[in-house]
Amino acid sequence: MRQQAKLKLGYYPLPTIEADRISCWLQVPDLIASALDPCAGTGAALAAIAPQLNLRRYGIELDAFRANEAKSRMEEVINGSAFDCHAPVESFSLLYMNPPYDFEVGEGRNERMETIFLEHCFRWVKPGGVLVLVIPHDRVYGCRTVLSSHFKEKAIFRLTSPESVLYKQVVLFGIRRTRQERERLTDAAVQSSNRKLHDLTWQYDAIPPLGEIPGRLYAVPPSPPAKLEFRGLPLDQVEDSLTKSPATLQAQRVTHARRTVFNGRPLTPLHKGHVGLLCTSGLLNGVFGYGADRHLAYWDAVKVSDRIEEEDDDGATVIREKDRFSQRLTLLYSDGRYALLSESPQRKENPDGERALADGPIEVHPAKQGSCDECQPIPESTGSREGD
């Protein structure tokens, strides 16, 4: 998963237009029924899929801010991981799942999160209950163990909104088998169901789109209020306690070490080696000067390559390249001007064929348009340096 997706905890909500289309395929009874969304987010998806007042909605959300928002749309919301939540088997009439699209990170073999979520939550669906699963089309076959054995009358449709097309999402409807139906299920029937799942999801464009006019209705059976229990650690309290833990305090000595500040003048004049060490350590960075000459100085190390051409005994030209590090100083003035001081390239080699030391002549690159090939001038409006 990309870093930006990890910051969102893998949260990509179902578009409202797709939720309305899914709702057309569900038939909610007149009696009270319980529905669960183990990746609830803000609760908007399940509220749109099943807006009936006689449907009791439950949700599980890892993010605290989204969990608080979901409480306005659901009867009960647990802030935590779905894998730390437990409920009696066959408690819910409707299970809507749009899990994170990622691999788990563990010590053993890492499986897809879509498969893990389904294996953990499907047992909470009562016989005759409805499963609504929204995942990428190429992940359906990975869930075949649960889908083929525990759900019947499955139908798969392609979601057509731009956000869904980006991830090639499909929605799968299924009805939970009874225990007697599972016992009568043969191995040949399971293998046939697996092949059918593979054939239906092999080509994304061949999957029929989800229409607003349903081909059939999936009846959600009634069920009593469910009991959802959280047995994990309170994430907010753990997060607040981390800053005071001994491990964090010990690690902060390295990760958040205070910058050492030195004041005063040296007792003796600094040699070139001393100045180089101070530059590379960043101790000569800072703000200097007054008035129009007030500027910000920043030293950094740059990698340069020395190219030496010489002839061997046979008269052939041999090119040798040697990498080394040099220093570069960037000066940024308060009025937006800048200057770049760096080592000028040596065009002549010394008698030993080695390049001269880094104390050679220095070129000052003035802050004029097009005067330096290595950098571009700073726009007057930003007052900051662009590129080098």
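Up top is the structure these notes are about.
These numbers were taken from a predicted model, which means no experiment stands behind them.

Enquirer: Looking at this model, I keep getting lost on the nonpolar core. Mind explaining?
Expert: One broad rule of soluble globular proteins: the nonpolar side chains tend to lie buried together. In terms of nonpolar packing, the biggest core is built from 68 residues, with Leu94, Phe173 and Leu228 touching the most fellow members. Formed by 5 residues, the second largest nonpolar core is a distinct cluster that contains Ala297, Leu331, Tyr333 and Ala339.

Enquirer: Looking at this model, I keep getting lost on the side chain of asparagine 194. Mind explaining?
Expert: Secondary-structure assignment places asparagine 194 in helix α9 (residues 187–201). When neighbours within four sequence positions are excluded, asparagine 194 is seen to be in contact with Tyr141, Arg144 and Ser148.

Enquirer: Even after reading the chapter, I still don't get a negative patch on the surface, so can you show me in this structure?
Expert: A surface patch of like charges, here negative, comprises Glu311, Asp312, Asp313 and Asp314. One can find aspartate 313 in the loop between β13 (295–311) and β14 (317–333).

Enquirer: Would you explain the sheet that holds strand β4 (residues 76–79) in this entry?
Expert: Within a sheet, each strand pairs with its neighbour through backbone hydrogen bonds, oriented either parallel or antiparallel. Read across the sheet, 7 strands follow the order β4-β3-β2-β6-β7-β9-β8 without closing on themselves; strand pairing throughout is mixed. Because the sheet does not close on itself, it has two edges, and the strands there are β4 and β8 (151–158). Within this sheet the neighbouring strands show an average axis-to-axis angle of 15°, counted without direction. Sheet analysis places strand β3 (residues 55–61) next to β4, joined by 4 bridges and oriented parallel. Residue tyrosine 58 lies in a different strand from β4, and its bridge partner there is glutamate 76. Running over the sheet, α9 touches β8 and β9 (169–176) and is turned about 10° from β8.

Enquirer: Before we go on, may I ask you to explain the pattern of salt bridges in this structure?
Expert: Side-chain pairs of opposite charge can arise where the charged atoms are in close proximity. If you walk through the whole model with that rule in mind, you get 15 salt bridges. Residue arginine 216 is joined to glutamate 153 by a salt bridge in which the shortest nitrogen-to-oxygen separation is 2.6 Å. Of this pair, arginine 216 sits in the loop between α9 and β10 (218–219) while glutamate 153 is found in strand β8, placing the two residues 63 residues apart along the sequence. Residue glutamate 153 is classed as partly exposed on the basis of its relative accessible area of 40%. In this structure, arginine 307 engages glutamate 321 in a salt bridge whose closest nitrogen and oxygen atoms are separated by 3.2 Å. Of this pair, arginine 307 sits in strand β13 while glutamate 321 sits in strand β14; the two residues are 14 residues apart in sequence, bridging distant segments of the chain. Take glutamate 321: its relative accessible area is 57%, and that puts it in the exposed class. Overlapping salt bridges, with partners in common, bring together Arg307, Glu309 and Glu321 in one network.

Enquirer: Would you explain the packing of aromatic side chains in this entry?
Expert: Remark: the centre distance and the inter-plane angle together describe each pair of aromatic rings, the angle taken between the planes. Inspection of every chain in the model, using the stated rule, returns 7 aromatic pairs. Summarising the aromatic geometry, the rings of phenylalanine 83 and phenylalanine 117 are spaced 4.8 Å apart at their centres and angled 55° between planes, so their arrangement reads as tilted. A residue pair is termed long-range when its members are at least 10 positions apart, and phenylalanine 83 in the loop between β4 and β5 (85–86) and phenylalanine 117 in helix α5 (residues 113–121) qualify at 34 residues. Seen from their ring centres, phenylalanine 173 and tyrosine 218 are 5.2 Å apart, and the 15° between their planes marks the pair as stacked. Taken together, the residues phenylalanine 173 in strand β9 and tyrosine 218 in strand β10 connect sequence positions 45 residues apart. A network of ring pairs unites the aromatic residues Trp25, Phe157, Phe173 and Tyr218 as a single cluster. Here the basic side chain of arginine 216 rests over the ring of tyrosine 218, its NZ or CZ set 4.1 Å away from the ring centre.

Enquirer: Help me out: how do you make sense of a nonpolar patch on the surface in this one?
Expert: Taken together, the side chains of Leu233, Val238 and Leu242 present a nonpolar region at the surface, about 270 Å² in accessible area. Looking at the element boundaries, valine 238 is found in helix α10 (residues 235–242). For valine 238, a relative accessible area of 34% gives the class partly exposed.

Enquirer: Whenever I open this one, the pairing of β9 confuses me. Can you help?
Expert: Along any regular strand the residues' side chains alternate between the sheet's two faces. Counting buried residues along β9, 8 of its 8 residues qualify, which places the element largely inside the surrounding structure. Burial of β9 is two-sided: the residues Gln169, Val171, Phe173 and Ile175 facing one way and the residues Val170, Leu172, Gly174 and Arg176 facing the other way are all buried. Here β8 pairs with β9 via 6 bridges, running antiparallel. Its bridge partner lying in β9, isoleucine 156 is registered against leucine 172.

What counts, and where the lines are drawn
- Residues numbered from 1 in each chain as written.
- Predicted model: local features only at pLDDT ≥ 70, side-chain atom pairs only at ≥ 80, totals over all residues.
- Heavy atoms only, no water.
- Core = buried A, V, L, I, M, F, W, Y, C linked by side-chain atoms within 4.5 Å.
- Buried < 20%, exposed > 50% of the residue type's maximum accessible area, 1.4 Å probe, protein only.
- Helix = DSSP H or I, 4+ residues; strand = E, 2+ residues; numbered from the N terminus.
- Contact = heavy atoms within 4.5 Å.
- Patch = residues over 30% accessible without salt bridge, like charges linked within 9 Å, V, L, I, M, F, W, Y side chains within 5 Å.
- Areas by Shrake-Rupley, 256 points an atom, 1.4 Å probe, with all protein chains shown as cover.
- Salt bridge = Lys/Arg side-chain N within 4 Å of Asp/Glu carboxyl O.
- Lys, Arg positive; Asp, Glu negative; His and termini not counted.
- Charge placed at Lys NZ, Arg CZ, Asp CG, Glu CD.
- Pairing = 2+ DSSP bridges.
- Axes fitted to C-alpha atoms, helices over the stretch in contact; angles between N-to-C directions.
- Phe/Tyr/Trp six-rings, centres within 6.5 Å; stacked < 30°, edge-to-face > 60°.
- Lys NZ or Arg CZ within 6 Å of the ring centre and 35° of its normal.

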